[in-house]
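# A look at the structure
Given next are the chains, with one letter for each unit.
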Amino acid sequence: GAVVSQHPSWVICKSGTSVKIECRSLDFQATTMFWYRQFPKQSLMLMATSNEGSKATYEQGVEKDKFLINHASLTLSTLTVTSAHPEDSSFYICSAQTSVDTQYFGPGTRLTVL
Amino acid sequence: AQRVTQPEKLLSVFKGAPVELKCNYSYSGSPELFWYVQYSRQRLQLLLRHISRESIKGFTADLNKGETSFHLKKPFAQEEDSAMYYCALSGRTSGSRLTFGEGTQLTVNP
């Protein structure tokens with residue numbers, strides 16, 4: 001149980017385009033999901049906390065207009081990278097929190113912006 | 001502010017040897033500490049959390065509030081333990097938000 005999926009697993013896009021990444025909890029409902037970013041050989045950095053039915057809470061330094069988060073249901077959160085640039089290339093990971101405050105992580109999405 | 005420090009980026013031991021992955025934290029309140037593990041080409045997964053006080057795959061970790069540490073230990077390392085290990089912290093003031101350490105890449109040699 002407690003499986004989290006992400007789609008797509010990798011994406012390549014041109015500079016200036018927008019990319020949407022989906023995060024789904026497959027066998028449980030998650031009122032809270034988290035989005036992380038991980039650069040090569042570095043740790044996970046929390047970008048934002050996504051709560052179902054309300055606005056996301058962004059960490060300091062993360063542009064909310066750049067990284068749009070929508071948590072429309074208890075099993076789905078989406079992260080849209082708008083007007084992507086090469087510096088946005090990274091590994092994006094989501095997690096979903098169960099009722100016992102345990103976070104389960106998705107496999108991640110590799111974004112490459114050309 | 002909360003911070004997690006893992007002083008060793010790389011740790012290499014031989015099979016059967018004891019292993020200790022260090023983790024120190026900084027937090028003003030009562031923290032909740034976790035160890036996550038990421039095997040090659042797999043997703044991050046929870047190894048253990050301090051409130052459970054359980055042993056998973058032979059690993060244990062004790063929260064030492066005096067030394068603000070949560071070191072991960074295993075008496076006899078196995079080759080399949082080779083992975084990246086992350087120490088993480090959450091606190092009441094931060095809700096369920098996790099702060100991760102930089103990670104330690106453990107290699108267990110045959």
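What counts and how
- Residues numbered from 1 in each chain as written.
- Chains lettered and ligands numbered in written order.
- Predicted model: local features only at pLDDT ≥ 70, side-chain atom pairs only at ≥ 80, totals over all residues.
- Heavy atoms only, no water.
- Pairing = 2+ DSSP bridges.
- Helix = DSSP H or I, 4+ residues; strand = E, 2+ residues; numbered from the N terminus.
- Contact = heavy atoms within 4.5 Å.
- Buried area = accessible area lost by both parts, 1.4 Å probe.
- Salt bridge = Lys/Arg side-chain N within 4 Å of Asp/Glu carboxyl O.
- Polar contact = N/O pair within 3.5 Å; in protein donor to acceptor, adjacent residues only side chain to side chain.
- Buried < 20%, exposed > 50% of the residue type's maximum accessible area, 1.4 Å probe, protein only.

## A closer look at the sheet that holds strand 8 (residues 72-74) of chain B
Read across the open sheet, the three strands follow the order 3-8-7 (chain B); overall the sheet is antiparallel. Of all the strands in the sheet, the pair left with one neighbour each is strand 3 (19-21) and strand 7 (60-61) of chain B.

## Re the interface of chain B and chain A
On the chain A side, the residues contacting the 13 residues of chain B number 19 residues. A combined buried area of about 1,400 Å² lies between chain B and chain A, and 48% of that area is made up of carbon and sulfur atoms. By the criterion of area lost to chain A, the three top residues of chain B are Arg-43, Ser-96 and Arg-97 of chain B, representing 38% of everything that side buries. For the interface between chain B and chain A, the tally reads one salt bridge. The interface formed by chain B and chain A holds six residue pairs in polar contact (both at pLDDT 80 or more) in total. Within the residue set of the side of chain B that touches chain A, elements represented by two or more residues are strand 5 (31-38) and strand 6 (45-49) of chain B.

## Some words on the side chain of Ser-69 of chain B
Residue and element names in this part refer to chain B. Along the polypeptide, Ser-69 turns up in the loop between strand 7 and strand 8. Residue classification places Ser-69 among the buried positions, given a relative accessible area of 3%. Discounting residues that sit within four places of it in the chain, Ser-69 has contacts with Cys-23, Asn-24, Tyr-25, Asp-62, Leu-63 and Asn-64.

## Topic: the pattern of salt bridges
If the charged atoms of two oppositely charged side chains come close together, the side chains can form a pair. All names here are of chain B. Applying the stated criterion to the full structure yields seven salt bridges over all chains. Between Lys-73 and Glu-20 there is a salt bridge; the shortest N-O distance is 3.7 Å. Here Glu-20 lies in strand 3 and Lys-73 lies in strand 8, a separation of 53 residues in the sequence. Since its relative accessible area comes to 29%, Glu-20 is described here as partly exposed. Salt bridges linked by common partners bring Glu-20, Lys-22 and Lys-73 together as one network.

In short, geometric facts, not functional conclusions.
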